[in-house]
Structure formats: C-alpha cells, structure tokens
Amino acid sequence: MSLDWIYYAISWILLRWQALWDFIGIPDTKVLGTNWSWVLAIVFLVVTVRVILFPVFVKQIKSQRAMQALQPKVKALQEKHKGDRETLQKEMMELYKTEKANPLMGCLPMFLQIPVFLGLFHVLRRLNPANTQTTLYGWTTEQFQDATHASLFNAPLASKFGSTAQELAALGANSVTVKVVAGILVLIMMASTYATSRQMILKTGWAEDPQQKMIQRLMLYGIPLSLLVSGSLFPIGVIIYWVTNNLFTLAQQQWVLRKFPPPQMAGRGGSKAPSAPVKKSTGTGNVPKNPVQPGRIGGLFGRNKAQAEPETPVVDTKKLAPRPGAKPVNPKKGARPASKPKG
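Residues numbered from 1 in each chain as written. Predicted model: local features only at pLDDT ≥ 70, side-chain atom pairs only at ≥ 80, totals over all residues. Heavy atoms only, no water.

## Looking at the overall build of the protein
For the protein, the count of helices and strands is 11 helices and 2 strands. Within the protein, buried positions represent 36% of all 343 residues. If you sum the accessible surface of the protein, you get close to 22,900 Å²; carbon and sulfur atoms cover 62% of it. (Helix = DSSP H or I, 4+ residues; strand = E, 2+ residues; numbered from the N terminus. Buried < 20%, exposed > 50% of the residue type's maximum accessible area, 1.4 Å probe, protein only. Areas by Shrake-Rupley, 256 points an atom, 1.4 Å probe, with all protein chains shown as cover.)

## Focus on the nonpolar core
Counting residues in each nonpolar core, the largest one holds 49 residues, and the members touching the most others are Trp139, Leu157, Phe234 and Ile236. Breaking this core down by element, the ones donating at least two residues are helix H1 (4-24), helix H2 (36-69), helix H5 (108-125), helix H6 (141-148), helix H7 (165-171), helix H8 (175-204) and helix H10 (236-259). Broken down by element, the residue count for this core peaks at 8 residues, all from H2. (Core = buried A, V, L, I, M, F, W, Y, C linked by side-chain atoms within 4.5 Å.)

## Comments concerning the pattern of salt bridges
Two side chains bearing opposite charge may form a pair once their charged atoms approach each other closely. For the structure shown, the criterion picks out 2 salt bridges. The salt bridge involving Lys82 is made with Glu79; its shortest N-O contact spans 3.4 Å. A single burial state applies to Lys82 and to Glu79, both of which are exposed. (Salt bridge = Lys/Arg side-chain N within 4 Å of Asp/Glu carboxyl O.)

## Regarding a nonpolar patch on the surface
Among the surface-exposed residues, Met110, Phe111, Ile114, Leu118, Ile215 and Met219 lie close enough to one another that they form a single nonpolar patch of about 540 Å² accessible area. Of all the elements in the fold, those that place two or more residues in the nonpolar patch are H5 and helix H9 (210-230). Sort the elements by how many residues they give to the nonpolar patch and H5 lands first, with 4 residues. Tracing the backbone through its elements, the reader meets Met110 in helix H5. (Patch = residues over 30% accessible without salt bridge, like charges linked within 9 Å, V, L, I, M, F, W, Y side chains within 5 Å.)

## Here we look at helix H3 (residues 71-80)
Every buried residue belonging to H3 is among Gln71, Val74 and Leu77, and all of these are buried. With its buried residues spanning 120° around the axis, H3 presents them on a single face. For H3, the exposed residues lying more than 90 degrees away from the buried face are Pro72, Glu79 and Lys80. Against the buried residues of H3 lie H2, helix H4 (85-99) and H9. (Arc of directions from axis to C-beta. Contact = heavy atoms within 4.5 Å.)

## Some points on the packing of aromatic side chains
Under the definition given, this model contains 14 aromatic pairs. For the pair Trp38 and Trp139, a centre-to-centre distance of 5.8 Å together with 5° between the ring planes defines the contact as stacked. With Trp38 in helix H2 and Trp139 in the loop between H5 and H6, the pair connects residues that are 101 residues apart, well separated along the chain. Each member of the pair, Trp38 as well as Trp139, is classed as buried. Centroid distance Phe234 to Trp242: 5.9 Å. Interplanar angle 25°. Geometry classified as stacked. Both residues of the pair, Phe234 and Trp242, count as buried. For Lys179, the ring lying beneath its charged end belongs to Phe161, and the centroid distance is 5.6 Å. (Phe/Tyr/Trp six-rings, centres within 6.5 Å; stacked < 30°, edge-to-face > 60°. Lys NZ or Arg CZ within 6 Å of the ring centre and 35° of its normal.)

## Focus on unusual backbone geometry
Phi is positive for Leu32, which is not a glycine, with a value near 60°. Residue position: Leu32 is located in the loop between H1 and H2. A positive phi angle, near 50°, is found at Phe153, a position not held by glycine. Mapped onto the elements of the fold, Phe153 is located in the loop between strand S1 (151-152) and strand S2 (155-156).

## Describing H9
Along an α-helix, a turn takes 3.6 residues, which lines up residues three or four apart on a common side. With 21 residues, H9 should reach 30 Å at 1.5 Å per residue; the first-to-last C-alpha distance of 28 Å fits that figure. Looking only at H9, the buried set comprises Gln216, Leu220, Pro224 and Leu227. (Expected span 1.5 Å × (residues − 1).)

## Looking at the side chain of Thr148
Locating Thr148 in the fold gives a position in helix H6. In this structure Thr148 comes out as buried when scored by relative accessible area, which is 1%. A polar atom in the side chain of Thr148 sits 2.6 Å from the backbone oxygen of Phe144. (Polar contact = N/O pair within 3.5 Å; in protein donor to acceptor, adjacent residues only side chain to side chain.)

## Re the side chain of Ser197
Topologically, Ser197 is positioned in helix H8. Among all residues touching Ser197, those that are not within four sequence positions of it are Met219 and Leu220.

Here's what the structure looks like:
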C-alpha cells in the first residue's frame, strides 16, 4: 500500500505553517543558530494533528473509564471460567458489547499518530543537498533548499545523532554540535515519554489484571528506554515533533483528567467520597453529631480491629438546674435536692 497520500498531507501542513510564519515576519535567516520558521512549522504540525484527533482522545478516555468500571465483572468472569479461555473470551466480548465498552479504543489515538510520525520521518529524511527530486510531494525547489539548510542551534533538522561523517559533510554540519543537540533532545524525549505514562498511571492507578499491569509497566519503563537506542536514528526534526507531542499530551491529559476524573478521584470534584475523614472537635467549632469515636489499638498503623472507647456519661444540665422559686442550696453543707415550689 502506497503511503504517498500521507507524505503529501504532512508536506502540505508543514509548508502552510512555514509560509504563515514567514508571512508574519519570522526571519528566514538563523537567529541563535536556529531557523525558527521551520522549527515552529514542525511544532504547529503537532498542534494541527492533535486538534484533529482531540475528539478521538476524549472517546479514548471515556472508553478507559468504562473499562475500569467493568474490572470487577471481568475479574468475576476470569474466576468463573478459569482454564476455559474460549468461553472466557466469548463472555468478555458479550460483556463489552452489552456495556458498550471497546478495549481497542484506548490505543486508537496512538495508532492514528503512527502514520503522521512515519510521514514526517520520510519527508525530513529526504532533506539532502544531493537529492535531485526537490519538487516531490508538493515542494518547490526553493522550499526544499531552504528546509535542507534549516537548523536548531546550528544542528540541521535533517541530521541525527547517528549521522555518518559523509551525511554531516553533505549537510555542512559539525559532528560535535549535532551529537550534543540531538543527545539533549533524545533525553528530553525519553523524560517526557516517561512523564506522560506516569501521569496517567498516578491518576488512574495500576490495573488489577496482570496482563494490563504488565502493559502499563512496558509503557512506563520499556518505551522510554527503547528511545535511548532508536532516538539516535531519528532526525532532529522528528525528535522536535516527538517532544512537542509529549508536552501537548501532558497538558491534554491534565485537562481531561480534571474534566473526566477517574473513579478514585470522583470524591474530589463534589460528589461524595467513599470514606470521608471524621473531623476532630477543637472545642471552638461545630461539635460532631457523635462525639464518641472508636479508638484504634495495635500500634502506629492501627492494624488491629478498632475498639470502642467507654462512653462518658452525659450530664443533663437541665435537670440539675434549680427550678424557678426554689431556695438556694448552700454548697458547703453538701448537695441537697432542691425543694419543690409551694402551691
């Protein structure tokens, strides 16, 4: 299957953003060793793609919430059909169909971004002064030559950490500069990839299912570590795309987690939490309805069962108060019952 349509789409968006920044007045020449119009074009390519995919991302979050709500039922089915994988899969598919939950929806946004990533990788890899096909995918010769010499802090966008001496010579780049810039970007890419996975896991919690928990660990540790190797093969322009995409994901996840909080966080947004802490009486504020609370025994963490404290007898001050017309009682002679009023 030809991917030319992806290359044309990526090139069109990239060139439109670069033309916009050029029209606004972003200089074509290098400022701080950077051609900002091309760097910003890559950054806003990410913004364009993520805005298009935002409705899909919201559906992904809702699907994840539905899957979390179904975990008790899924666990019950696993216990019921232990050892019978065929029946278990059939029952789980029926459960997902009844509850309108789609397990594949959680990975859909990532799958939709893979063609964009591959398209940008292919387009930037073509930026080479020796390439004679300068007008492919809707580019003009001038745009091609301009992008070929575009740099980030004097490191060409088409260069990579593992570029050979011949490739760097064709781009007119310095090997040390390229390795420093690319190395820093790869570390930022790894850190931001880890942060996006960690943010979601901290908010939603670890999965109870062993397979899903293994996938979470792979997303949290495996993918960032793999980027240490694969990142050396990515052009600097592609790493800029990846880092920007991760930062956008961090901000988007934060917004969505506040808008659609997971079940564990539902008590923070106004609905009643599963277990609310009992406020202690300070003597000056409102007194709780039940002032006698069970005390904990068994050490600092209260691992043993709670034992109720002996109730303090409540004194009825109204019965002890003297009635109207009663004679005063001398406290020195001892407490005597108040005399009843005459008549």
